[in-house]
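Topology and contacts: notes
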Amino acid sequence: MPTRSLIISTFAIIIFLVLFILKNETTTGADTSFSVQPALSHVSNNYQANEWYAKVVDEIGQPIEGALVYYDGQLVTTDGSTPALTDANGVLELDNPTPGKPLVGLVQVYQQSTNRAGHSAWAYRTYLTSLNLDDEGNPHPDTIGQPGQQLVTIRKNNPLILFNIVVSVEWNADEAYLATIENAFRQASDFLYDVTDGQMAFGQVTIYDNTGYWADADFQISVKNTVRPYAFVGGITSGKNHAIRVGRFWDGSSSNHRDWDQPSGYRTLIHNFGHYALHLYDEYFKTIVDDNGNFVREVLAACTSISVMENPNNDAANASIMYYQYTTSELADSDRWNEDCQNTEQHRLNGESDWETILRYYKRPDWTLNTPTSRGSVMAGPAEFPSSLPFPKIVTLPMYPLYLPIILHNYDPLANGDFELGDLRGWDVGQGSFQGHGSGLSQSIAQFEGSHNALLGNPLQNNFIPIGFGAIFQTLSVQQPYLQLRYRVFTNDIVKGKLGYADTFEVSLNTPPAQINDNERDNKGCDNESAILNPTGVLTPTTGLAFCGGYAGTSQDVGTLRDLGWKTVTLDLQDFQGENVTLYLALWSREYEADFYNDKGFYNTWVYIDDVQLTDNP
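Per chain, residue numbering runs from 1 following the sequence as it is written. At least 70 in pLDDT is required for a residue's local features to be given in this predicted model, at least 80 for side-chain atom pairs to be given and counted, and no such filter applies to totals for whole chains, interfaces and linings, which use all residues. Computation of side-chain values: all heavy atoms of the structure, hydrogens and water removed.

Some details on the pattern of salt bridges
Take a side-chain nitrogen of Lys or Arg and a carboxyl oxygen of Asp or Glu: if they are within 4 Å of each other, that pair is a salt bridge. What the rule picks out here adds up to 17 salt bridges. One salt-bridge network, held together by shared partners, links E506, D518, R521 and R590.

Printed below as a string of structure tokens:
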């Protein structure tokens, strides 16, 4: 049986150990970063009066598990880097915060995935927040009070959609230029936050130079100073190379000068982001089409009014940035979707106001997007992203050149090969006469069979057909061995008559249309259906004419419209691997007699072109 002295000694040892443990648990270390204490296993009502903890709840007071908490603009972490999350009771312990400092809660409710490299598998995330914006866009977050519970209320009508952006610069840019691009995307994020009434911003921006992640980038900055900004509508959820392409600079009219972090630059980035991520079309023009959806002409448009260009002092309330981003900072809602707005590409293709399109793509039952219509007023702000959250996070990662067996200079990726930008951006255009006569043929974009196609010639002309050629062309880098395209010729004429070649569709490499001669056409069998006229399958071209399209009939066949159907042809470019080549797509209309050759042709031909792409396999 233990002695009395042994029991007392044992009890003293236990008391000593308890005091030692308590002393060590309450001793603070040298780390001054804001972090949480060890994980809690007890509920909030067990805290002592001098303990600090956040309790994150929804608008009906229910605790939210897995929420992020930001104290004074910095994420609360477990170890300086790992995010701390609220427990099942919505609780997160705080480490001696300062009263009056902001405390913001975020809980992720949605993630849009992407297969683009460099994005960590996500394109954007939607959070519910406790920012509590007022009608002017000013945030009113919860703040630190007295020791004890710090209540943070997250609301369904406080959403924040954060985009994960990859930017690729086409050349080995210097530090000064990359710093300017960083600032430009910080300014662009603020502008996006203003445009969307405090509901969207850039969450993460990763910038690469030397064409790092070029095909997977959201923004591609071209080395060329001739590139006008353009974007693929809805590209954020579509395939590679469906991106926003800009040049080195932008001053509102050219890419020759003015940095991207100036208003003309970063506002233009967000105008194009409106196409790319918000699925909006332009509001400064409208395409007129015929009953079959074929292109007729473009007309100027203005939404909400041309007066916004003349009234920059009302920038905070002017709409729409899809019309003129330089003096506007709003999107048009249904209350302002007037007759002028209904004569735009946005209305022709989406049939609704800007905000209605955004709701269609971004509205979910888990959150409420607020619009000027639902709010009952235009939100002039917010002028910038709130300092109580640390977004966007921007990092620049230089991509040092790789020295490969094939060294390619002036890298030029194929742009807008499916023409779904709705215009010919990325392509050069040209036209010319035939033997000194005629003005040449038109080049345009047409809606045909449910998609955008390049169109050479004009289907609506029945007589007085222009004479000469019309062409689109593009210089591209052969980084994949095969180039594929689809084409469809409609013709009332034949390829070659008694006097010479008549109407032909011609594809050539590195040789402009006017430099192709009839001997070359003869050698390619362009007047013989059994040779390579209207080819399909795989061809192995050299520099010069690759093939011809058209109808190989006789004089008895002219005057009858023939649809030659869609053809898919693949050019084997392995002999050009690692080089830049210029692809020419041209349509010719020829006449040899004075009664016809001055734009008075009689038999019309036109061609649709689509899906020009580089591939790894034929």
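A short note on the state of the cysteines
Here a disulfide denotes a covalent bond joining the sulfur atom of one cysteine to the sulfur atom of another. The term disulfide is used for any two cysteine sulfur atoms that are within 2.5 Å. The tally for this structure, following the rule as stated, stands at two disulfides. Note that C303 is cross-linked by a disulfide to C341, the S-S spacing being 2.0 Å. Between C303 and C341 the sulfur-sulfur dihedral comes to about 85°; the bridge is accordingly right-handed. One end of the pair, C303, is in the loop between β15 (295–300) and α4 (345–350); the other, C341, is in the loop between β15 and α4, and 38 residues separate them in sequence. A disulfide bridge connects C526 with C548, and the sulfur atoms are separated by 2.2 Å. As the torsion about the S-S bond is roughly 65°, the C526-C548 disulfide counts as right-handed. With C526 in the loop between α7 (518–523) and β23 (537–539) and C548 in strand β24 (residues 544–549), this pair connects stretches of sequence that are 22 residues apart. Numbered from the N terminus, helices here are DSSP runs of H or I no shorter than four residues, and strands are runs of E no shorter than two.

What to know about helix α2 (residues 175–195)
In this model, α2 (21 residues) spans 30 Å end to end at C-alpha, consistent with the 30 Å of a helix rising 1.5 Å per residue. Count one or two residues on from α2 and you reach D197, which has phi positive near 55°. Any helix carries an expected span of 1.5 Å times its number of residues minus one.

Side note on the side chain of Q474
By the element assignment, Q474 lies in strand β20 (residues 468–477). Polar contact is defined as a pair of N or O atoms within 3.5 Å, subject to the rule that within protein one atom must be able to donate a hydrogen and the other to accept it, and that residues adjacent in sequence are counted only when both atoms are side-chain atoms. A distance of 2.7 Å separates the side chain of Q474 from the backbone nitrogen of A415, its partner in a polar contact. Within the structure, Q474 has its side chain in polar contact with the backbone oxygen of G426 (distance 3.3 Å). When residues no more than four places from it in sequence are discounted, the contact partners of Q474 are P413, L414, A415, G426, W427, V581, T582 and L583. Note on definitions: a residue-residue contact is assigned when non-hydrogen atoms from the two residues lie within 4.5 Å.

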